[in-house]
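Below, each chain spelled out in residue letters.
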Amino acid sequence: MASEHTSASSVEDLQDLLLESQDFESFLLDLTLYSATLLGTDAPILCAISVQRNGKAFTVASSDAQARLLDERQYELDDGPCLSALRTGHTVQVDDLRTDQRWNRYFEATRSTGVRSVLAVPIDAGGEASAALNCYAHRDAAFGPDTQAAIEWYAQSLSRPLRLALLVHPPLQQPTYPEELRAALRSRATMDAALALVMAHTRSSREAAITLLEEAARTRKVRLPALALDIVRGAAIPAASQ
């Protein structure tokens, strides 16, 4: 992951998500899926956003069911890296859950998921709430210094749209979105398929493919998911800039 993918174009996409979302749940659901796609490299990253209000933490959206489960196990234990980030306001990084002595109980509770690395980054959600972007990966040391710095920058860019969303759309403490989740996951699968086609066609990295699609979407004045769907259906793949 490179820092240029958490640039002004990313901020504009976040603003579009907020403006076009029908409610708080759909905004956050889109946001976690967008985050997982943007932050992912050759090794996929799972993302969730947790919020704490009045001393109670809950996951408001996740990029898939496993990310949500990884959050919820921490609430059950009242301990874990993401809860620590929520409560302290500091980034928490775990390179290997199997050997990190801080989170022995959490590792035992999530051993079957195969997740090894965790990065939990606080998001400024305003005075009445705290929030965190929780990133999970299935390999050791997935969040090196450059990746951590880029994700922290990205989390800062989430602050404004998240605070606006909290003001405009009161969040539910136990969001339910089965239909929306299925649709969003289909959208994520479409995005991954489009990226794979672009990477194969242009012989480029995932990061370069994301940049190419973002530039093409801006040029054609269409949303990124719509462009990805067109490509999967057989539309011409954007040419790499020389």
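In the block above lies the structure referred to throughout.
Since this is a predicted model, take the numbers as computed values, not measurements.

Q: Quick rundown of the overall build of the protein? Include the residues and the values.
A: Assigned secondary structure in the protein consists of 9 helices and 5 strands. Beginning at the N terminus, the succession of helices and strands in the protein can be written as α-α-β-β-α-α-β-α-β-β-α-α-α-α. Buried positions account for 50% of the 242 residues belonging to the protein. Considering only residue pairs separated by 6 or more positions, the protein has 63% of its internal contacts joining residues 24 or more positions apart. Element-wise, carbon and sulfur atoms account for 50% of the exposed surface of the protein, whose accessible area totals about 11,600 Å².

Q: How would you summarise unusual backbone geometry if you had to cite specific residues and measurements?
A: Residues other than glycine seldom take positive phi values, yet Asn54 does so here, at roughly 50 degrees. As for its placement among the helices and strands, Asn54 is situated in the loop between strand 1 (46-53) and strand 2 (56-62). The phi angle at Asp78 is positive, at roughly 55 degrees, despite the residue not being glycine. Summarising the element assignment, Asp78 is placed in the loop between helix 3 (65-77) and helix 4 (81-88).

Q: Describe the nonpolar core, with residues and values.
A: Core analysis: the biggest nonpolar cluster contains 25 residues, and Leu39, Cys47, Ile123, Leu133, Cys135, Phe143 and Ile151 have the highest contact counts within it. Broken down by secondary-structure element, the contributors of at least two residues to this core are helix 2 (24-39), strand 1, strand 2, strand 4 (117-123), strand 5 (130-137) and helix 6 (145-168). In terms of residue count, the dominant contributor to this core is helix 6 (5 residues). Not counting the four nearest positions on each side in its chain, Phe143 is found in contact with Ile45, Gln93, Asp95, Ser117, Val118, Leu119, Cys135, Tyr136, Ala137, Gln148 and Ile151. Grouped together as the second largest cluster of nonpolar side chains are 16 residues, Val94, Trp103, Val115 and Val118 included.

Q: A description of the side chain of Ser117 should follow, citing residues and the corresponding values.
A: Along the chain, Ser117 falls in strand 4. Judged by relative accessible area, which is 0%, Ser117 ranks as buried. Ignoring any residue separated from it by four or fewer positions in sequence, one finds Ser117 in contact with Val94, Asp95, Cys135, Tyr136, Ala137, Arg139, Asp140, Ala141, Ala142 and Phe143.

Q: An account of the pairing of strand 1 is needed here, citing residue identities and associated values.
A: With 8 of 8 residues buried, strand 1 is to be regarded as a mostly interior element. Where strand 1 lies against strand 5, 7 bridges are found, and the strand directions are antiparallel. Among the inter-strand pairings, Ile49 is bridged to a residue of strand 5, identified as Leu133. By the bridge criterion, 6 bridges tie strand 1 to strand 2 in an arrangement that is antiparallel. Following the sheet pairing, Ala48 is matched in strand 2 by Ser62. Between strand 1 and the antiparallel strand that follows it, strand 2, lie 2 residues; Asn54 among them carries a positive phi value of about 50 degrees.

Q: Give me helix 8 (residues 206-220): which residues, what numbers.
A: Taking 1.5 Å of rise per residue, the 15 residues of helix 8 would be expected to cover 21 Å, and the 21 Å separating its terminal C-alpha atoms lies within 8% of that figure. Taken together, the buried positions of helix 8 are Arg206, Ala209, Ile210, Leu212, Leu213, Glu214, Ala216 and Ala217. Its side-chain oxygen placed 3.1 Å from the backbone nitrogen of Ala208, Ser205 serves as the N-cap of helix 8. Phi turns positive one or two residues past the end of helix 8, at Lys221, with a value near 60 degrees.

Q: Quick one: what's the story with the sheet that holds strand 5, residue by residue and with numbers?
A: One open sheet holds the 5 strands; their spatial order is 2-1-5-4-3, and the pairing between them is antiparallel. Here the strands that pair on one side only, and so sit at the sheet edges, are strand 2 and strand 3 (92-94). Neighbouring strand axes in the sheet, compared pairwise and without regard to direction, differ in orientation by 20 degrees on average. Where strand 4 meets strand 5, 7 bridges bridge the pair, whose relative direction is antiparallel. When the sheet's bridge partners are listed, Val118 is paired in strand 5 with Tyr136. Packed onto the sheet, helix 3 meets strand 1, strand 2 and strand 5 and runs at close to 40 degrees relative to strand 1. Sheet strands touched by helix 4: strand 1, strand 2, strand 3, strand 4 and strand 5. Its angle to strand 4, the strand with the most contacts, is close to 20 degrees.

Each value, and the rule that gives it
Residues numbered from 1 in each chain as written. Predicted model: local features only at pLDDT ≥ 70, side-chain atom pairs only at ≥ 80, totals over all residues. Heavy atoms only, no water. Helix = DSSP H or I, 4+ residues; strand = E, 2+ residues; numbered from the N terminus. Buried < 20%, exposed > 50% of the residue type's maximum accessible area, 1.4 Å probe, protein only. Contact = heavy atoms within 4.5 Å. Areas by Shrake-Rupley, 256 points an atom, 1.4 Å probe, with all protein chains shown as cover. Core = buried A, V, L, I, M, F, W, Y, C linked by side-chain atoms within 4.5 Å. Pairing = 2+ DSSP bridges. Expected span 1.5 Å × (residues − 1). Polar contact = N/O pair within 3.5 Å; in protein donor to acceptor, adjacent residues only side chain to side chain. Axes fitted to C-alpha atoms, helices over the stretch in contact; angles between N-to-C directions.

What is shown is where atoms sit, not what they do.
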